[in-house]
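Given next are the chains, with one letter for each unit.
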Amino acid sequence: WMCQGLVIVCKEEAGELFIGRRHFETFLLNFEPVTFVSFPFPFLGLGVVAEKVGWCNKIVGIVLYGLAWLVMVVFLCLGAADEAFAYMGAAMYFMLALGAAALRVAVRHKLQISGDMVSDYMACTFALPGAIGQMYAEDFNKQGAWTKEVKADITM
């Protein structure tokens, strides 16, 4: 994850990335109320953000993300009886993180926030509650307020 951050800094220094590009308004490690709710119930924030992005109804999003969370918890509990279930529970967590990362990519696209899928997957894997709070705190009504700076290289 730190290597990914180092690559981004190097690209900024080399001029490949515009330093003043748009970022999330809230830090990844934040104190938003939904961040604390997302520790035991991450599917609540994910479902609400899925509706804000336009993927689905809030209830449908909560149910779908909740099913993934429930399956993970059941597998982890069954891991007490057989170790193989614990591995399946861990795999379910990574699949849930991938689904949250896809949602984060959709938020970036809708709000024209810079970033990439690798960074989003790392954020959702290692700091899932913070990533949910970060997405939830974004103002989806300001989506047209940002204009990208375009560099043009014209040679004749």
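Residues take numbers from 1 onward in each chain, read along the sequence in its written order. Reporting in this predicted model follows two pLDDT cut-offs: at least 70 for local features of residues, and 80 or more for side-chain atom pairs to be given and counted; totals over whole chains, interfaces and linings ignore these cut-offs and use all residues. Water and hydrogen atoms were dropped before computing side-chain values, which therefore reflect all heavy atoms in the structure.

Got a minute to help me understand the packing of aromatic side chains in this structure?
Geometrically, a pair of aromatic rings is defined through the distance of the ring centres and the angle of the planes. Only centres within 6.5 Å qualify two rings of Phe, Tyr or Trp (six-membered ring in Trp) as a pair; their planes then separate them into stacked at under 30 degrees, edge-to-face at over 60, and tilted for everything else. With the rule as written, the count across this model stands at four aromatic pairs. Both rings, one in Phe 75 and one in Phe 85, keep their centres 6.1 Å apart while their planes meet at 25°; by these two values the pair is stacked. On the criterion of sequence distance, the pair formed by Phe 75 in helix H4 (residues 58-78) and Phe 85 in helix H5 (residues 83-111) is long-range, its members being 10 residues apart. Runs of E in the DSSP output that reach at least two residues are strands. Runs of H or I that reach at least four are helices, and both are numbered from the N terminus.

Teacher, can you tell me more about the side chain of Thr 125 here?
Locating Thr 125 in the fold gives a position in helix H6 (residues 117-126). Sequence-distant contacts of Thr 125, that is, excluding residues within four places in its chain, are made with Tyr 93, Phe 94 and Ala 97. Contacts are residue-level and defined by heavy atoms, with any inter-residue pair within 4.5 Å sufficient.

How do you make sense of the environment of Lys 52 when you look at a structure like this?
Inspection of the secondary structure assignment puts Lys 52 in helix H3 (residues 42-53). Judged by relative accessible area, which is 29%, Lys 52 ranks as partly exposed. The spacing of Lys 52 and Phe 140 is 88 residues in sequence and 7.0 Å in space, taken between C-alpha atoms. Other than its neighbours up to four places away in sequence, Lys 52 contacts Lys 110, Tyr 136, Glu 138 and Phe 140. Polar contact is the term for a pair of N or O atoms within 3.5 Å; when the atoms are in protein, one must be able to donate a hydrogen and the other to accept it, and sequence-neighboring residues count only if both atoms are side-chain atoms. Here Tyr 136 takes part through its backbone oxygen, which lies 3.1 Å from a polar atom of the side chain of Lys 52. Residue burial is assigned from relative accessible area. The probe radius is 1.4 Å, only protein chains are included, and a residue is buried under 20% of its type maximum, exposed over 50%, and partly exposed in between.

Just to check I follow, could you spell out the nonpolar core for this structure?
Taken as a class, soluble globular proteins show a tendency for nonpolar side chains to be buried jointly. Remark: nonpolar core denotes a set of buried residues (Ala, Val, Leu, Ile, Met, Phe, Trp, Tyr, Cys) joined through side-chain atoms within 4.5 Å. Counting 30 residues, the largest nonpolar core has Leu 46, Val 53, Leu 96, Leu 103, Val 107, Cys 124 and Met 135 as the members making the most contacts within it. Looking at this core, the elements that each hand over two or more residues are H3, H4, H5, H6 and helix H7 (128-137). Per element, the largest residue contribution to this core is nine residues, and it comes from H5. When residues no more than four places from it in sequence are discounted, the contact partners of Val 107 are Phe 24, Val 49, Val 53, Met 135 and Phe 140.

Sorry, what's going on with the packing of H4 against H5 here?
A pair of packed helices is captured by two measures, namely the crossing angle of their axes and the spacing between those axes. Axis geometry follows a simple rule: fit a line to the C-alpha atoms, using only the stretch in contact for helices, then measure angles between N-to-C directions, giving values from 0 to 180 degrees. Where H4 contacts H5, the axes come no closer than 7 Å and their chain directions differ by 160°. On the basis of the axis angle, H4 is roughly antiparallel to H5. The two elements H4 and H5 cross, and the hand of that crossing is left-handed. On H5, the residues that touch Tyr 65, Ala 68, Trp 69, Val 71, Met 72, Phe 75, Leu 76 and Leu 78 of H4 are Phe 85, Ala 86, Met 88, Gly 89, Ala 90, Met 92, Tyr 93, Leu 96, Gly 99, Ala 100 and Leu 103. Per-class residue counts for the contact of H4 with H5 are 17 nonpolar, two polar and no charged. Note on terminology: angles under 35 degrees are roughly parallel, angles over 145 are roughly antiparallel, angles of 65 to 115 are roughly perpendicular, and the others are oblique. Helix crossings are classified by the rotation of the near helix relative to the far one: an anticlockwise turn of less than a right angle makes the crossing left-handed, while a clockwise turn makes it right-handed. Residues were grouped as follows: Ala, Val, Leu, Ile, Met, Phe, Trp, Tyr, Cys and Pro as nonpolar; Asp, Glu, Lys and Arg as charged; and all remaining residues, including Gly, as polar.

Looking at this model, I keep getting lost on H6. Mind explaining?
An α-helix turns once every 3.6 residues. As a result, residues three or four positions apart point the same way. Of the positions making up H6, those classed as buried are Ser 119, Asp 120, Ala 123, Cys 124 and Thr 125. Its side-chain oxygen 3.2 Å from the backbone nitrogen of Val 118, Asp 116 forms the N-cap of H6.

Would you mind showing me how to read the pattern of salt bridges here?
Between side chains of opposite charge, pairing is possible as soon as their charged atoms come close. A pair is scored as a salt bridge if a Lys or Arg side-chain nitrogen falls within 4 Å of a carboxyl oxygen belonging to Asp or Glu. The final tally for this structure, using the stated rule, is four salt bridges. Here Arg 22 ties to Glu 138 by a salt bridge, and the two come within 3.9 Å at their closest N and O atoms. Placement of Arg 22 in the loop between helix H1 (2-14) and helix H2 (33-37) and of Glu 138 in the segment after H7 is noted, with a sequence separation of 116 residues between them. Across the salt bridge formed by Arg 108 and Asp 120, the nearest N and O atoms sit 2.7 Å from each other. With Arg 108 in helix H5 and Asp 120 in helix H6, this residue pair connects regions lying 12 residues apart in the sequence. Of the two residues, Arg 108 and Asp 120, neither departs from the other in class, the shared state being buried.

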